[in-house]
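# Secondary and tertiary structure notes
Chain by chain, the residues run as shown.
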Amino acid sequence: MSVMEKYEAVIGIECHVELKTESKMFCGCRNVFGAEPNTNVCPVCLALPGALPVPNAAAIEHMIRAGLAVGATIPTFSKFDRKNYFYPDMPKDYQISQFDMPITQGGVIRYWLEDGRIGECRLTRIHLEEDTGKSTHAGSTDGRIAGSTFSLVDYNRAGVPLMECVSEPEIHSAQEAVAFLESFRRTLLALGVSDVKMEEGSLRCDANVSIRPLGATELGTKAEIKNMNSFRSVQRAIESEIARQIEIVESGGRVVQETRGWDEARGVSVSMRSKEQAHDYRYFPDPDLVPLEIGAERVNALRATIPPLPIERFERYTGTYGLNVKQATQLIDNGSLAEFFDACVRVSKNPQSATNFVLGDLSRLANESGIAVSDSGVSPEHVGELIALVESKTINSKIAKDLVERMWKGDGSPKAIVEREGLAQTSDPSAIEGFVLAVIEANPGPVAEYKAGKTNVAGFLVGQIMKASKGKADPALVQSLLKAKLE
Amino acid sequence: MSSPKIDVAYVAKLARIALTDEEITRFGSQLGDLLEHVAALEKLDVSAIAATAQVVESRNVDRPDIVGESLKRDVVLSMAPSKQGAFFRVPQIIGES
Ligand SMILES: [Zn+2]
């Protein structure tokens, strides 16, 4: 047993997601990434005296839908609280958040791993708050806090609706943590409630990592890992933290509770020990905001807007349809492709052929043209017709390939094209026999070679026969008839 | 009933208010008096009253997700004690090394 196998890692994830809305959480300033600094600010989000916040109805709806998608409870009553602390990127010196009565409670995120296994991790809560502004630490050589003499603040992000999701400590490896985050990200994308882009900061996450001897039930001392800016960072940072803690314990030391910042370039985490006293946020209900009362009727109306979820698709694709993990993931992660695929399966009742067409020729054409399959001239009904034509052996695979190209260009129904242009496969033995005899007659050289034992010239002869039939002959029949005539 | 205690020095520190020792003593007793007054409520039987987070009766006051006017940046920055280019300039963040 290796040292690593003597321990079990226990990981909890905390992530922040900026909600996709037109305007900010409590004011009408535009919620958009990458605007000119300090141009989307007003008295409310700058905390000018007397300004009053009013919640954004769309943000509340996004929260309820996200909660429903992960099976959370939506309590009838919830409220906003003030979380008090000082930080220059937070103009009010408090953050409007939710303390003891969040909009959603509980829930579970189910995820899949690369080998197809399904895992799950319960959520403690998802609550709604506002984002802070963005500081650039200046005066130091590398833009980091260490060594900086002042900071430059852009308040465009201050007041952007922010979802905070806290998981239970039920994740046990870096791979599971990444799979958990990917699943949450896919779910939010499917709901359309966020862009969830780690590179733009609309998805940010921290991990609480601890280890314990395998089989132990008590939790070890945890370290909180911050500054993970990509899924790759999450993977590396957690792996590195588990190894660091095991090394400490193995050499007789004790893990210290602390916050550590991940340095992606150096591949190490660094302690961010704060000189301040332990946080004391003195939460209290925000007197400027009245409570939310969310009734069953509103919840049910929103429940009806929840689209098929990525994890549900994954289970259907790999279970009922028999696709592999890679195919299922490819369909799910390709924007509208899964929806198009689902429609093709509905029409054709043939998931395997639908997969081959959608992930094969159609995806290739989409890549070449830069046009999404769902925006091309191809409709699921046409794909269904094409599959039926192949299934009934009306056309062979060569003709099918040509038809896909033509459907892409907007030539319409493949069934109509086949009928109009007489492209149906010829499986009439007497007609094919005619082509076979003609080709044998015209190619005495290769025929002699074949008879002398060079059987690989058969491929050439089959090609000639297919050509003579204008591609319509049933290739299997051609092969067997040719063989019979030459022997 | 013992008079409620409040750690004035700690609260002042959290609120970033500098107080002298004399002020800490004086405010301590004043805040203590206030809390004692509020503590009188503990004598009432409130078992039949539901806890509340808001005295206002209204619920679900929200607004549609529509973009409104923001302020002009030069107006915004003219209110800043210190600025640099398009940004607010603030002192080095204390407490982090
Ligand atoms: Zn604003």
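It should be emphasised that the depicted structure is a prediction, and the values quoted were computed from it without experimental measurement.

Quick look at the overall build of chain A now. Secondary structure assignment for chain A yields 15 helices and 16 strands. A compact globule built from 487 residues should have a C-alpha radius of gyration of about 23 Å, whereas chain A, at 31 Å, is more than 25% larger. Considered along the principal axes of its C-alpha atoms, chain A spans approximately 95 × 55 × 45 Å. A buried classification covers 40% of the 487 residues belonging to chain A. Partitioning the contacts of chain A with sequence separation of at least 6, the portion at a separation of at least 24 is 70%.

A few words on the environment of A:Phe357. Residues and elements named next belong to chain A. Along the polypeptide, phenylalanine 357 turns up in helix H8 (residues 351-369). Between the C-alpha atom of phenylalanine 357 and that of lysine 92, which follows or precedes it by 265 residues, the distance is 56 Å. Setting aside chain neighbours within four positions, we find phenylalanine 357 in contact with Leu362, Val383, Leu386, Ile387 and Val404.

In this section: the pairing of strand S14 (residues 268-271) of chain A. Pairing analysis gives 4 bridges linking strand S13 (residues 258-263) of chain A to S14(A), with the strands arranged antiparallel. By the bridge assignment, A:Asp263 is partnered in S14(A) with A:Val268.

This brings us to helix H12 (residues 429-442) of chain A. Residue and element names in this part refer to chain A. End to end, H12 covers 20 Å across 14 residues, agreeing with the expected 20 Å (1.5 Å per residue, within 8%). Looking at H12, one finds that the buried residues are Ile432, Phe435, Val436 and Val439. Along the axis of H12, the buried residues cluster in a sector spanning 100°; they form a single face. Exposed side of H12, more than 90 degrees from the buried face: Ser430 and Glu441 are the residues found there. Buried residues in H12 make contact with helix H14 (458-468) and helix H15 (475-486).

Residue and element names in this part refer to chain B. Taken residue by residue, chain B gives an average pLDDT of 86. The fraction at 70 or more is 91%. Per-element confidence in chain B ranges from a low mean pLDDT of 89 for helix H1 (residues 8-14) to a high of 96 for helix H3 (residues 73-78). For this predicted complex, the interface confidence reaches an ipTM of 0.87, while the overall pTM sits at 0.86.

Within the secondary structure layout, A:Ser379 lies in the loop between H8 and helix H9 (380-391). The spacing of A:Ser379 and A:Trp262 is 117 residues in sequence and 47 Å in space, taken between C-alpha atoms.

Here we come to helix H5 (residues 310-320) of chain A. Residue and element names in this part refer to chain A. Those residues of H5 that fall on the buried side of the exposure criterion are Pro310, Ile311, Arg313, Phe314 and Tyr317. Along the axis of H5, the buried residues cluster in a sector spanning 155°; they form a single face. Residues of H5 that are exposed and angled more than 90 degrees away from the buried face: Glu312, Gly319 and Thr320. Within two residues after H5, glycine 322 carries a phi angle of roughly 70°, on the positive side.

Let's shift gears to the interface of chain B and chain A. The partner chain A presents 43 residues to the 33 residues of chain B that form the contact. Sort the elements by how many residues they give to the side of chain B that touches chain A and strand S2 (residues 87-91) of chain B lands first, with 5 residues. For the side of chain B that touches chain A, a count of residues per class yields 16 nonpolar, 9 polar and 8 charged. The sheet contact formed by strand S9 (residues 150-154) of chain A and S2(B) spans 4 bridges and is antiparallel. The residue of S2(B) that forms the bridge with A:Ser151 is B:Val90.

As a further point, take the packing of H12(A) against H15(A). Residues and elements named next belong to chain A. Between H12 and H15, the least distance of the axes is 10 Å, while the angle of their chain directions is 55°. Overall, the two elements H12 and H15 adopt an arrangement that is oblique. In terms of crossing hand, the pair formed by H12 and H15 is right-handed. When H12 is examined against H15, the residues Pro429, Ile432, Glu433, Val436 and Ile440 are found in contact with a partner set consisting of Leu477, Val478, Leu481, Leu482 and Lys485.

As far as domains go, chain A holds domain 1 (4-301), domain 2 (308-421) and domain 3 (429-486). Measuring from the centre of the C-alpha atoms in domain 2 of chain A to the corresponding centre in domain 3 of chain A gives 33 Å.

About the criteria used
Residues numbered from 1 in each chain as written. Chains lettered and ligands numbered in written order. Predicted model: local features only at pLDDT ≥ 70, side-chain atom pairs only at ≥ 80, totals over all residues. Helix = DSSP H or I, 4+ residues; strand = E, 2+ residues; numbered from the N terminus. Rg over C-alpha atoms; globule rule 2.2 N^0.38 Å. Buried ≥ 20, exposed ≤ 12 C-beta atoms within 10 Å, placed from the backbone. Contact = placed C-beta atoms within 7 Å. Pairing = 2+ DSSP bridges. Expected span 1.5 Å × (residues − 1). Arc of directions from axis to C-beta. pLDDT = per-residue confidence, 0-100. Nonpolar A, V, L, I, M, F, W, Y, C, P; charged D, E, K, R; others polar. Axes fitted to C-alpha atoms, helices over the stretch in contact; angles between N-to-C directions. Parallel < 35°, antiparallel > 145°, perpendicular 65-115°, else oblique. Left-handed = near helix turned anticlockwise from the far one by under 90°. Domains from an automatic or database assignment.

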